[in-house]
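Notes for the structure review
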Amino acid sequence: MSIQEKILEKRLGGGRLSLEDGLLLYSCDLLALGQAAQAVTPHLLPEIVTFVVDRNISYTNVCTIGCDFCAFHCQPKAKDAYLLTKEEILDKVKELVDLGGTQVLIQGGVRSDLTLDYYLDMVRAIHEKFPKIHIHSFSAVEMDMLAKKSGLPLSELFQQFKKAGLNSLPGGGAEILAERVRKLISPKKISSDRWLEVMRTAHEAGLKTTATMVFGHVETLEERVMHLIRLRELQDETNGFRAFIPWSFVPFKPGSRSSVETRGNEAEYWALQGVMPSSGDDYLRTVAISRLMLDNFEHIQSGWLTEGLRLGQIALAFGCDDMGGTLFEDKVLEPTGIEVHTRRDDLIRLIKSAGLTPAQRDTNYHVLNIFES
Ligand code: SF4
């Protein structure tokens, strides 16, 4: 038996994988890895793959953090800088409600000119007008900025958001939880310790979150596996992560707005210069290893948005149990060349054609509707 097979046997027998185990799995046979990941993947119901009908709303593209990998953000004076009004946001939520949606994911750039009241008013207005909509919004990076600007401790900030109607937080901003990597690709973003602290405090305040990983750029495999271990440790403490969503870095399409233009600092752009997109093998391998390492996470979402629907479908055989959400538009990925409009029927068709049964869920993973063949 090879050492990789022994590691898979250990996990299938209920053992917890170490950093060394995770690293060795990167040289494992891909199909054996997928099979093992599938064997430990819990499904809400046998052969069911879930999805949520939701909508992303990017309320502003102005951001002063300026991450190297982000083609979405711009400076306050850029000609295409925007900030949505409360009315525009409510109109977008109404469109979602009209299509039977249940969740809204609002995120945007980090700008210190917006007050805490802007955010609380937005949440309150959505909650009052659409009380059934689950408001899954604002990343740890935005929450960190709001805590600093308002002077409120995170715990108090979260109480105010909960009172306004916020239900949970998305797990954006984690990228790779390693300072070496963050210094290269997002030096102005919160540290990995702070990201974990925001998540921990949200969990303690009763706000569930998701967790993410953006891989395939300047990180080492060891930094990837350590990222998973850090998430697993926090999940042991709080059990506050609902799901894990790994996706690979998408290089800008030629001619798109680069961070050179938006940040005006050419030197910082080079960290990602020449980075090629991850291969399908790397994506599937990373999904399967995530499933095997994260033994205390129930759900792993397929990253079809960045990987494409076809590879996203195959990820359902490598440890993913959920297709994430529908998408009406994605302002964050559009500048990279990815244009997405994936509706409920597209996801239903995709899951069915993989020989599985699609089910619409809510944010808390309660099944709302099963689409039998
Ligand atoms: S990833 Fe987020 S924090 Fe970084 S530049 Fe883009 S909008 Fe700003």
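Please read all numbers here as calculations on a predicted model, not as lab measurements. (Residues numbered from 1 in each chain as written. Predicted model: local features only at pLDDT ≥ 70, side-chain atom pairs only at ≥ 80, totals over all residues.)

Description of the pairing of strand 11 (residues 367–370)
For a regular strand, the rule is simple: side chains alternate between the two faces of the sheet. As paired elements, strand 10 (residues 357–361) and strand 11 share 3 bridges and run antiparallel to each other. Residue pairing in the sheet places alanine 359 in a bridge with isoleucine 370 of strand 11. Hairpin geometry of strand 10 and strand 11 is characterised by an intervening segment of 5 residues between the two adjacent antiparallel strands and by a positive phi of about 65 degrees at tyrosine 365. (Pairing = 2+ DSSP bridges. Helix = DSSP H or I, 4+ residues; strand = E, 2+ residues; numbered from the N terminus.)

Regarding the packing of helix 5 (residues 116–129) against helix 7 (residues 154–164)
Running from N to C, helix 5 and helix 7 cross one another at 30 degrees; their axes reach a closest spacing of 8 Å. Classified by the angle their axes make, helix 5 and helix 7 are roughly parallel. Contacts between helix 5 and helix 7 involve Leu120, Val123, Arg124 and His127 on the former and, on the latter, Gln160, Phe161 and Ala164. Tallied by class, residues from the contact of helix 5 with helix 7 come to 4 nonpolar, 2 polar and 1 charged. (Axes fitted to C-alpha atoms, helices over the stretch in contact; angles between N-to-C directions. Parallel < 35°, antiparallel > 145°, perpendicular 65-115°, else oblique. Contact = placed C-beta atoms within 7 Å. Nonpolar A, V, L, I, M, F, W, Y, C, P; charged D, E, K, R; others polar.)

Notes on the sheet that holds strand 1 (residues 48–52)
Taken together, the 4 strands give an open sheet; going across it, the order is 9-1-10-11, and neighbouring strands pair in mixed fashion. Sheet topology places strand 9 (322–325) and strand 11 at the edges, where each strand pairs with a single neighbour. Put simply, the sheet's adjacent strands are angled 25 degrees from each other on average, direction ignored. Contacts from helix 16 (residues 344–353) reach strand 1, strand 9 and strand 10 within the one sheet, and its direction differs from that of strand 10 by about 145 degrees.

A look at helix 6 (residues 140–150)
Of all the 11 residues making up helix 6, 8 are buried; the element is thus mostly covered by neighbouring parts of the structure. Of all the residues in helix 6, the buried ones are Ala140, Val141, Glu142, Met143, Asp144, Met145, Leu146 and Ala147. Buried residues along helix 6 sit in contact with helix 5, helix 7 and helix 9 (192–204). Of the residues one or two after helix 6, glycine 151 is the one with positive phi, at around 80 degrees. (Buried ≥ 20, exposed ≤ 12 C-beta atoms within 10 Å, placed from the backbone.)

Some details on the site of the ligand
Taken together, Cys63, Ile65, Gly66, Cys67, Cys70, Phe72, His73, Gly109, Val110, Val141, Ser186 and Lys189 form the complete shell of residues around the ligand. Classifying every residue of the shell around the ligand by side-chain character gives 7 nonpolar, 4 polar and 1 charged. (Near = placed C-beta within 6 Å.)

Description of unusual backbone geometry
A negative phi angle characterises most non-glycine residues, just as the trans form characterises most peptide bonds. Despite not being glycine, glutamate 175 shows a phi value in the positive range, around 45 degrees. Relative to the helices and strands, glutamate 175 is located in the loop between strand 5 (168–169) and helix 8 (179–185). Given 23 C-beta atoms within 10 Å, glutamate 175 falls into the buried group. Of note in the backbone geometry, tyrosine 365 takes a positive phi value of approximately 65 degrees without being a glycine. Its location among the elements puts tyrosine 365 in the loop between strand 10 and strand 11.

A short note on the confidence of the model for the protein chain
Per-chain confidence: the protein chain averages 91 in pLDDT, with 91% of residues scoring 70 or above. Segment residues 258–268: pLDDT under 50, and 17 contacts once partners within four positions in sequence are set aside and those in other chains are kept. (pLDDT = per-residue confidence, 0-100.)

Here we look at the packing of helix 6 against helix 9
Two elements in contact, helix 6 and helix 9, have axes whose closest approach is 10 Å; the angle formed by their N-to-C orientations is 85 degrees. One finds that helix 6 runs roughly perpendicular with respect to helix 9. Residues Ala140, Met143 and Asp144 of helix 6 pack against Arg194, Trp195, Val198 and Met199 of helix 9. In terms of residue class, the contact of helix 6 with helix 9 is built from 5 nonpolar, no polar and 2 charged.

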